[in-house]
Amino acid sequence: MKAPWLRRRGWLGLNGWTAGTIFIAALATVPIFAVVYLALTPTENIWPHLVSTVLGGYVTTTLILMLGVGLGTLLIGVGTAWLVTMCRFPGRRLFEWGMLLPMAMPAYIIAYVYTDILEFAGPMQAMLREIFGWSSKRDYWFPEIRSLGGAIAMMTLVLYPYVYLLARASFLEQSVGVFEASRSLGRGPWRSFFTVALPLARPGIVIGLSLVLMETLNDYGTVDFFAVNTFSLGIFDVWMNMNNVSGAAQLASVMLLFVAFLVFSERYARRKQRFHNTTSKFQALPGFQLSGGRGLAATFLCLAPVLLGFVLPTLVLLSYAQKHYEPELSGEILGHALNSMKLSVLAGAIAVLVAIIMAYSARIKGGKILLLASRVAAMGYAVPGAVLAVGVMIVLGNLDNGIDAIARENFGFSTGLIFSGTIAAVTFGYLVRFLALSLGTVEASLGKVTPSMDGASRSLGRGAFATMRYVHLPLIKGGVLTAVMLVFVDCMKELPMTVILQPFNFQTLATFVHQYASDEQLGDAALAALSIVGAGVVPVILLSLSIAKSRPGSRPGHEEGV
Amino acid sequence: MQGLHMVGIHHAYGAAKILNNISLTVPAGELVCLLGPSGCGKTTLLRIAAGLEQLQAGSVTIDEVVIAEGPAQLPPEERRIGYMFQDYALFPHLSVLDNVIFGLFRRDRRTARARALVMLDQVGMVPHAEKYPHMLSGGQQQRVALARALAPEPRLVLLDEPFSDLDTNMRARVRQQTLSVLKQNNVATLMVTHDPEEAMFMADRIKVLGDQGRILQSGRPADIYYKPADEYVARLFGPMNMIDGVVEQGGLKSSFGTMALEDSTAAEGSIVRVLIRPEGMILSNGGGDGGAPVDIISAHLLGDTSVVRFKVRNGINSGAEFHMRMSGAFDPTELGQIWARVDLRHAFQYPQNQ
């Protein structure tokens, strides 16, 4: 006798899960492909025009910016990571997590703050003029903050924590023995650092650097404010001012080449990293005692980036916020804050829901297709917001026109624009860009649930869905909350996509701050800027906690990747 | 017939074949043990029976209903199988009681609770019902896992290395208790282990699984021990002594005289390998039939037994080294010439093909 349902169903043919995953992956990549497609099939060929006019400038400026930020973050990130992990000096424990604080600060916000302080009319130059008796600009030289150099400085100050985080983790994972062997073989601490510790940490550092450069490419607020003509700005210019969609798509697809290179370096480094981790055993690091002047110098070196990248701008914003406080304006800001939160909560919740579906179906179904689907769906994290925004506009625009055409043909009325310029469009953009964040977090916490849990639940009679509901979800609750929060915070800070995609008469905190700062009214926007920074501090606290947990001597563990 | 039937199971991961034409039957109330080294595919067979692994070829039948055949299979949650995992897989977010109730969701809350308590009582865990898994010792976790697997009254119980995570002292006790709980519930049980002693203790019947996922021998524990089908099975129970004898006039000639030849078809003059268990050597200080004079190499007292190594002095196996176990202490210096004999119940003949 045969079980009657045997032919009808097989649990490995869970097609709902597979189809869902592939559908999500397709949705998440459509904007990227749309950009490439439109760039390759332009209605008017503006390539020659682009090449002869702006392209060269965009490429050079972007490359210099990347080079500068890359070098700057390397120097600060690796240097402080080394000091904090290998040396003992006053305040080291505090710096272990304190170094991360500038992560909470979006580059565009410190750009506004420093411009306010350092420009001609700002307090710094005023003070210098006062002291030295200069009267006009011609009397002295002062670095121009609204410049390529200024942009490099701003981004370096807030992006170095990525390098710091991964370099620190790499240094911690190295066997102390290797380093000590080098010293016992007659190499001094400096040479041992350059010949042993640094090469071993290289894969981790490269990952951190790739993330930094992706963020650099993504930046719009800073370069717009400083009028530094990078690709992001170029796309905005061609799109908004020249109203040329194909041109924007073409610029965006050139930018994608940069992105592809970064993604490749990151993947390559991650692959290598596995071989480089010689041991998983943490050992209390010996720590070079830096005494007296050298100890103070180390304290200063670590303190400077935190002060400049976080403490000082926050204090300035606080004082502005107090000075410019107006109940009426606060009401307006509250409205924008609610908009921001609405969008961010929506995006966070959907991103995590989608991540759970993808991660869980990959878990129960396995196989190359689902793995590929989740990798493809996560691609958006590397793609600059400006590029994605263009992609989303193209896709939704075509969708709207298609629906409109069908409606007019069949029902005789126009539907107009259904998706374009709505909250749905912004949310879709956020999802594409930040899905990787939630997916990574959910996958990591799901990975900690042993497969025998699934087996136990299934053999006790619960189906795939009930197993997820009663076993996995309770077990990964923490990870799910973290994922929601990470996406939420990044959406709160997001600027370029929001600027392009936001509905008419709709502002978020980020776009509000950007608009006011561009109009030289930072004071009025200080409260809003502070709110964004406040949200940004939350993941920094989470990271700090995980660092405290993985401190050598306590329980070994890896920090979550960024 | 009630119970589990697996017929012609093949399984491969890529090019690596790990189960090769496995067929087995576990009647209701019986415990069948799959014995084999780690990584030989034992666990995969359990997972196929449970529906956790996609069946590649063959069929699985429980209580005369085909539940998997080729690519078609019943999902694990509809098979009514109790699976006990090597790591127990207790749900860390549920109390002991809720773990056992987990599989009883089709009953109303009161009967489910009552049934769970009956099972916890059988394994002596009622006092710990409100605790969480991380508060329990390994042995206690094992007992909860057993109670949880048996609570929904499965038609078949699968045990994956159920005692491997327990320390030696605990193991004997838990083993005894597990066996009596299983017998009490009169359920068909398929268990896998790499520990021959465990298999001997638990099993009504043993199936020895060898390399490339082939069943080398099936039988009652005594058959496996006293009539191992080949050298591989014989060696499962620990290191063996080995001599080569020569077939001579229908007998098997070695340094230990002439033994009866088991395989009468073996050609005159051909070599037959004899494997002798350490307990199958007998030392004495007198010669006699089948005795061979030996030189003692070493003797170590291990407590209630001694391990003695010695070397045969004469004959065709001259120089061959042996080891044996004997009860009590052994002091060769007090004895004169020592002789060794073979206990034929512990000696197994394998003709060598040349």
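Please read all numbers here as calculations on a predicted model, not as lab measurements.

> Tell me about the overall build of chain B, and please be specific about residues and values.
The helix and strand inventory of chain B stands at eight helices and 21 strands. In terms of overall dimensions, chain B has C-alpha extents of about 75 × 45 × 35 Å along its principal axes. Residues counted as buried form 38% of the 354 residues belonging to chain B.

> Please give an account of helix 19 (residues 477-493) of chain A that cites residues and values.
Between its first and last C-alpha, helix 19 of chain A extends 25 Å over 17 residues, near the 24 Å set by a 1.5 Å rise per residue. Along helix 19 of chain A, 13 of the 17 residues are buried, which leaves the element largely enclosed by surrounding structure.

> How would you explain the domain arrangement of chain B if you had to name every residue and give the values?
A common way to state how big an interface is: give the accessible area lost once the parts meet. Residue and element names in this part refer to chain B. Here the domain parsing of chain B yields domain 1 (3-235) and domain 2 (242-351). Using only C-alpha atoms to locate each centre, domain 1 and domain 2 end up separated by 40 Å. Across the boundary between the two partners, domain 1 contributes five residues, which contact four residues of domain 2. Among the residues forming the side of domain 1 that touches domain 2, the class breakdown is three nonpolar, no polar and two charged.

> So what's going on with the packing of helix 4 (residues 107-118) of chain A against helix 12 (residues 292-323) of chain A? Residues and values would help.
Residue and element names in this part refer to chain A. Packing of helix 4 against helix 12 leaves a shortest axis separation of 10 Å and a crossing angle of 70°. It follows from the interaxial angle that helix 4 and helix 12 lie roughly perpendicular. Seen along the crossing, helix 4 lies across helix 12 with a hand that is left-handed. Across the interface between the two elements, Ile109, Ile110, Val113 and Ile117 from helix 4 touch Gly309, Pro313, Val316 and Leu317 from helix 12. Tallied by class, residues from the contact of helix 4 with helix 12 come to seven nonpolar, one polar and no charged.

> I'd like to hear about the interface of chain A and chain B, residue by residue, with values.
Contact with chain A, which involves 22 residues of that partner, is made by 28 residues of chain B. Listed by contribution, the elements that provide at least two residues to the side of chain A that touches chain B are helix 17 (451-459) and helix 18 (464-475) of chain A. Here the element with the most residues in the side of chain A that touches chain B is helix 17 of chain A; it accounts for six residues. When the residues that make up the side of chain A that touches chain B are grouped by side-chain class, the tally is 11 nonpolar, seven polar and four charged.

> So what's going on with the confidence of the model for chain B? Residues and values would help.
Overall, the predicted model of chain B reaches an average pLDDT of 89, with 99% of residues at or above 70. Reported for the predicted complex are a pTM of 0.81 and an ipTM of 0.81.

> Describe the domain arrangement of chain A, listing the residues and the values that go with them.
Residues and elements named next belong to chain A. Looking at chain A, the domain boundaries give domain 1 (13-43 + 324-518) and domain 2 (55-320). The straight-line distance from the C-alpha centre of domain 1 to that of domain 2 is 28 Å. Listing elements by their share of the side of domain 1 that touches domain 2, those giving two or more residues are helix 1 (15-40), helix 15 (385-411) and helix 21 (509-518). For the side of domain 1 that touches domain 2, the element with the most residues is helix 15, which contributes five residues. Of the residues that constitute the side of domain 1 that touches domain 2, the class distribution is 16 nonpolar, five polar and one charged.

> Account for the confidence of the model for chain A, naming residues and giving values.
All names here are of chain A. Mean pLDDT for chain A: 84, with 91% of residues reaching 70 or above. Segment residues 7-13 is flagged for pLDDT under 50; beyond a separation of four residues in sequence, or across chains, it makes eight contacts in the model. Note that residues 277-282 has pLDDT below 50 and, in this model, nine contacts with residues that lie over four places away or in other chains.

> Account for the sheet that holds strand 5 (residues 65-69) of chain B, naming residues and giving values.
In a beta sheet, neighbouring strands pair by backbone hydrogen bonds and run either parallel or antiparallel. Residue and element names in this part refer to chain B. In spatial order, the strands read 2-1-4-5-6; together these five strands make up an open sheet with antiparallel pairing. Each edge of the open sheet is held by one strand with a lone partner, namely strand 2 (16-27) and strand 6 (72-73). By the bridge criterion, five bridges tie strand 1 (residues 3-13) to strand 4 (residues 57-62) in an arrangement that is antiparallel. Counterpart to histidine 10 in the pairing with strand 4 is alanine 57. Here helix 1 (residues 42-50) sits on the sheet in contact with strand 1, strand 2 and strand 4, set at roughly 120° to strand 1.

> Describe the environment of Leu157(A), listing the residues and the values that go with them.
Residues and elements named next belong to chain A. Structurally, leucine 157 is set in helix 6 (residues 148-173). Placed 139 residues apart in sequence, leucine 157 and leucine 296 show a C-alpha to C-alpha distance of 21 Å. The residues touching leucine 157, leaving out its near neighbours within four places in the chain, are Pro102, Ile110, Pro305, Leu308 and Gly309.

> An account of the sheet that holds strand 3 (residues 31-35) of chain B is needed here, citing residue identities and associated values.
Residues and elements named next belong to chain B. Strand order in this open sheet of six strands is 7-8-9-3-10-11, and the pairing throughout is mixed. If you trace the sheet from one side to the other, it starts and ends with strand 7 (81-84) and strand 11 (215-219), each paired once. If you compare each strand with its neighbour and ignore which way they point, the axes differ by 15° on average.

> Please give an account of the packing of helix 16 (residues 423-447) of chain A against helix 19 of chain A that cites residues and values.
Residue and element names in this part refer to chain A. Two elements in contact, helix 16 and helix 19, have axes separated by 9 Å at closest approach and are oriented at 155°. When the axis of helix 16 is compared with that of helix 19, the two are roughly antiparallel. Of the two possible hands of crossing, helix 16 and helix 19 adopt the one that is right-handed. From helix 16, Tyr430, Phe434, Leu437, Ser438, Thr441, Val442, Ala444 and Ser445 reach across to helix 19, where they touch Gly478, Gly479, Val480, Thr482, Ala483, Leu486, Val487, Asp490 and Cys491. Classifying every residue of the contact of helix 16 with helix 19 by side-chain character gives 10 nonpolar, six polar and one charged.

> If you had to explain the environment of Thr427(A) to someone new, which residues and values would you point to?
Residue and element names in this part refer to chain A. Structurally, the position occupied by threonine 427 is in helix 16. Sequence separation between threonine 427 and phenylalanine 89 is 338 residues, and the spatial gap between their C-alpha atoms is 46 Å. When near neighbours in sequence (up to four residues on either side) are disregarded, threonine 427 contacts Leu343, Leu346, Ala347 and Ile350.

> So what's going on with helix 18 of chain A? Which residues, and what values?
All names here are of chain A. Helix length check: helix 18 (12 residues) gives 15 Å between terminal C-alpha atoms against 16 Å at 1.5 Å per residue, within 8%. Taken together, the buried positions of helix 18 are occupied by Ala464, Thr467, Met468, Val471 and His472. In a view along the axis of helix 18, the buried residues occupy a sector of 120°, so they form one face of it. Opposite the buried face of helix 18, at more than 90 degrees from it, the exposed residues are Phe465, Arg469 and Pro474.

Cut-offs and rules
- Residues numbered from 1 in each chain as written.
- Chains lettered and ligands numbered in written order.
- Predicted model: local features only at pLDDT ≥ 70, side-chain atom pairs only at ≥ 80, totals over all residues.
- Helix = DSSP H or I, 4+ residues; strand = E, 2+ residues; numbered from the N terminus.
- Buried ≥ 20, exposed ≤ 12 C-beta atoms within 10 Å, placed from the backbone.
- Expected span 1.5 Å × (residues − 1).
- Domains from an automatic or database assignment.
- Contact = placed C-beta atoms within 7 Å.
- Nonpolar A, V, L, I, M, F, W, Y, C, P; charged D, E, K, R; others polar.
- Axes fitted to C-alpha atoms, helices over the stretch in contact; angles between N-to-C directions.
- Parallel < 35°, antiparallel > 145°, perpendicular 65-115°, else oblique.
- Left-handed = near helix turned anticlockwise from the far one by under 90°.
- pLDDT = per-residue confidence, 0-100.
- Pairing = 2+ DSSP bridges.
- Arc of directions from axis to C-beta.

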